[in-house]
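For reference, the chains in residue letters:
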Amino acid sequence: MIQQQGAERINVGIFAHVDAGKTTTTEHILYESGRIRALGSVDTGTALTDSMDVERQRGISVRAALASFAWKGVHINLVDTPGHVDFLSEVERSLRVMDCAVLILSAVEGVQAQSEMIWNALRKLGIPTLIFVNKMDRVGANPEAVLAEVRNYLSSDILPVQQPIGKEKGYIGARDLWENEADASARTELLEALAERDEELLEKYMSGSTIDLAEWKKYMKTASSSGRFFPMVYGVAAKGLGITALLDAMVEYFPRAGGNVEGAVSGIVYNIQRDKSMGRMAFVRLYEGTIRNRDVREFRSNYVCKPRSYTLPVR
């Protein structure tokens with residue numbers, strides 16, 4: 001993964017059940033961030049992260065693909081992982097080196113088998129996670145039902161930070177609940193959920209004391225970056241709806257990657273692939289130090305923060 005000296009960095013994995021819109025979301029993220037100039041498509045085989053012939057022909061991701069870009073001064077390394085159950089090994093390798101994760105759910109299908117499996121792995125590793133409910137414009141899209149499902153099957157600490165506007169074909173976007181224009185009842189529901197999970201906030205809330213909205217949001221950010229709460233946002237990736245809000249949420253709620261770029265090189269090679277033009281490529285998650293093209297380095301094996309390992313169960 002690329003490191004920029006002096007820049008804030010986030011390492012994010014994109015996970016989803018197959019056909020939830022994971023690669024389409026990744027493509028629009030790269031477009032909105034300015035990483036690519038023209039949108040590709042999974043259907044036409046032109047998505048940037050689907051580079052293998054079989055991926056372009058079948059419209060599915062077979063191996064994890066890395067893309068890097070910047071958003072609001074933060075350098076983001078994004079890994080698009082396969083959603084099909086046949087390629088769980090790729091998902092497992094990606095999980096070992098992720099600091100944060102975006103779990104994409106379909107607003108129609110909700111929590112699916114692979115969604116629950118990935119969620120359990122993310123929780124086992126304690127990886128801060130953001131939920132993106134995609135396909136909000138589809139017939140049968142039901143955000144209320146999806147919220148009930150995630151709280152039943154995944155976690156009761158998943159908290160929507162947006163309010164959807166419109167439904168199915170009438171969906172036009174979502175409003176941030178931290179904005180003054182947000183629906184008062186929806187924002188109150190969020191604030192009450194936060195107060196229930198913190199004694200100090202609950203005491204202030206019950207006493208009627210005025211709590212600045214910025215203080216509530218700061219608490220949400222801190223709890224989310226430590227993996228205690230899981231923000232939920234909405235969108236339609238195929239139309240680009242909610243993508244900039246998703247990027248903003250990643251920057252706001254995810255922790256920054258640590259490590260000293262001037263220190264001794266320490267990292268893990270988590271994937272090796274062969275490219276037609278570049279030959280064999282090794283993908284490295286650096287914890288400390290810097291490596292450059294044609295460098296010959298020996299990685300330290302006794303680094304105190306050893307990479308986490310978890311094996312996904314196969315069902």
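Presented here is an overview of the structure given in this document. (Residues numbered from 1 in each chain as written. Predicted model: local features only at pLDDT ≥ 70, side-chain atom pairs only at ≥ 80, totals over all residues. Heavy atoms only, no water.)

### Points about the sheet that holds strand 5 (residues 129–134)
In sheet architecture, strand pairing relies on hydrogen bonds along the backbone and comes in two forms, parallel and antiparallel. As summarised here, the arrangement of the 7 strands in space is 2-3-1-4-5-9-6, forming an open sheet in which the pairing is mixed. The strands lining the two open edges of the sheet, one partner per strand, are strand 2 (65–71) and strand 6 (158–160). Neighbouring strand axes in the sheet, compared pairwise and without regard to direction, differ in orientation by 25° on average. Strand direction decides the pairing type here: strand 1 (residues 8–16) and strand 3 (residues 74–80), joined by 7 bridges, are parallel. Each residue of the ladder has a partner; that of Ile 14, found in strand 3, is Asp 80. (Pairing = 2+ DSSP bridges. Helix = DSSP H or I, 4+ residues; strand = E, 2+ residues; numbered from the N terminus. Axes fitted to C-alpha atoms, helices over the stretch in contact; angles between N-to-C directions.)

### Thoughts on the packing of helix 6 (residues 184–196) against helix 8 (residues 213–225)
Close contact between helix 6 and helix 8 brings their axes to 11 Å; oriented N to C, the two are set at 55°. The angle between helix 6 and helix 8 places the two elements in the oblique class. Handedness of the crossing formed by helix 6 with helix 8: left-handed. On helix 8, the residues that touch Arg 187, Leu 191, Leu 194 and Ala 195 of helix 6 are Leu 213, Trp 216, Tyr 219 and Met 220. Its residues placed into classes, the contact of helix 6 with helix 8 shows 7 nonpolar, no polar and 1 charged. (Parallel < 35°, antiparallel > 145°, perpendicular 65-115°, else oblique. Left-handed = near helix turned anticlockwise from the far one by under 90°. Contact = heavy atoms within 4.5 Å. Nonpolar A, V, L, I, M, F, W, Y, C, P; charged D, E, K, R; others polar.)

### Looking at the environment of Gly 140
On the secondary structure map, Gly 140 appears in the loop between strand 5 and helix 5 (143–154). Residue Gly 140 is classed as partly exposed on the basis of its relative accessible area of 34%. Here the alpha-carbon distance between Gly 140 and Glu 109, two residues 31 residues apart in the chain, equals 8.7 Å. For Gly 140, the residues in contact, after removing those within four places along its chain, are Ala 107, Val 108 and Glu 168. (Buried < 20%, exposed > 50% of the residue type's maximum accessible area, 1.4 Å probe, protein only.)

### Some remarks on helix 1 (residues 22–32)
Where burial is concerned, most of helix 1 is hidden: 8 out of the 11 residues are buried. Residues of helix 1 that are buried make contact with strand 1, strand 2, strand 3, strand 4 (100–106), strand 5 and helix 9 (243–253). Gly 34 sits one or two positions beyond helix 1 and adopts a positive phi of about 90°.

### Structural notes on the nonpolar core
Nonpolar side chains tend toward joint burial in soluble globular proteins. Membership of the largest hydrophobic core comes to 47 residues, with the highest contact counts inside it found for Val 12, Ile 76, Val 102, Trp 178, Leu 194 and Met 250. Of the residues forming this core, the biggest block, 7 residues, is contributed by helix 9. Not counting chain neighbours up to four residues away, the residues in contact with Leu 194 comprise Leu 159, Trp 178, Leu 201, Trp 216, Tyr 219, Met 220 and Phe 229. Core analysis: the next-biggest nonpolar cluster, separate from the first, contains 36 residues, Val 91, Leu 95, Val 150 and Leu 154 among them. (Core = buried A, V, L, I, M, F, W, Y, C linked by side-chain atoms within 4.5 Å.)

### A few points about the pattern of salt bridges
Close approach of charged atoms allows side chains of opposite charge to pair. Tallying each qualifying case throughout the model produces 9 salt bridges. Across the pair Lys 72 and Asp 248 runs a salt bridge, and its minimum N-O distance is 2.9 Å. Highlighted residues: Lys 72 in the loop between strand 2 and strand 3 and Asp 248 in helix 9, separated in sequence by 176 residues. Two residues, Lys 204 and Glu 215, come together in a salt bridge whose shortest N-O distance is 3.2 Å. Of this pair, Lys 204 sits in helix 7 (residues 199–207) while Glu 215 is found in helix 8, placing the two residues 11 residues apart along the sequence. Among the ionic contacts, a cluster of salt bridges with common partners joins Asp 157, Glu 196 and Arg 197. (Salt bridge = Lys/Arg side-chain N within 4 Å of Asp/Glu carboxyl O.)

### What to know about the packing of aromatic side chains
What the rule picks out here adds up to 3 aromatic pairs. Measuring from ring centre to ring centre gives 6.1 Å for Tyr 205 and Trp 216, while their planes differ by 85°; the resulting arrangement is edge-to-face. With Tyr 205 in helix 7 and Trp 216 in helix 8, this residue pair connects regions lying 11 residues apart in the sequence. Among the residues examined, Trp 216 registers a relative accessible area of 3% and is labelled buried. Ring geometry for Tyr 219 versus Phe 229: centroids 5.8 Å apart, planes at 75°, classification edge-to-face. Pair noted here: Tyr 219 is in helix 8 and Phe 229 is in the loop between helix 8 and strand 9 (230–234), with a separation of 10 residues, a long-range link. By relative accessible area, which is 13% here, Tyr 219 ends up buried. With a relative accessible area of 2%, Phe 229 lands in the buried category. Cation over ring: Arg 123 sits above Trp 119, and NZ or CZ is 4.7 Å from the ring centre. (Phe/Tyr/Trp six-rings, centres within 6.5 Å; stacked < 30°, edge-to-face > 60°. Lys NZ or Arg CZ within 6 Å of the ring centre and 35° of its normal.)

### A look at the pairing of strand 2
Looking along a regular strand, one sees the side chains alternate between the two faces of the sheet. With 5 of 7 residues buried, strand 2 lies mostly within the body of the structure. Pairing between strand 2 and strand 3: 7 bridges, direction antiparallel. The residue of strand 3 that forms the bridge with Trp 71 is Val 74.

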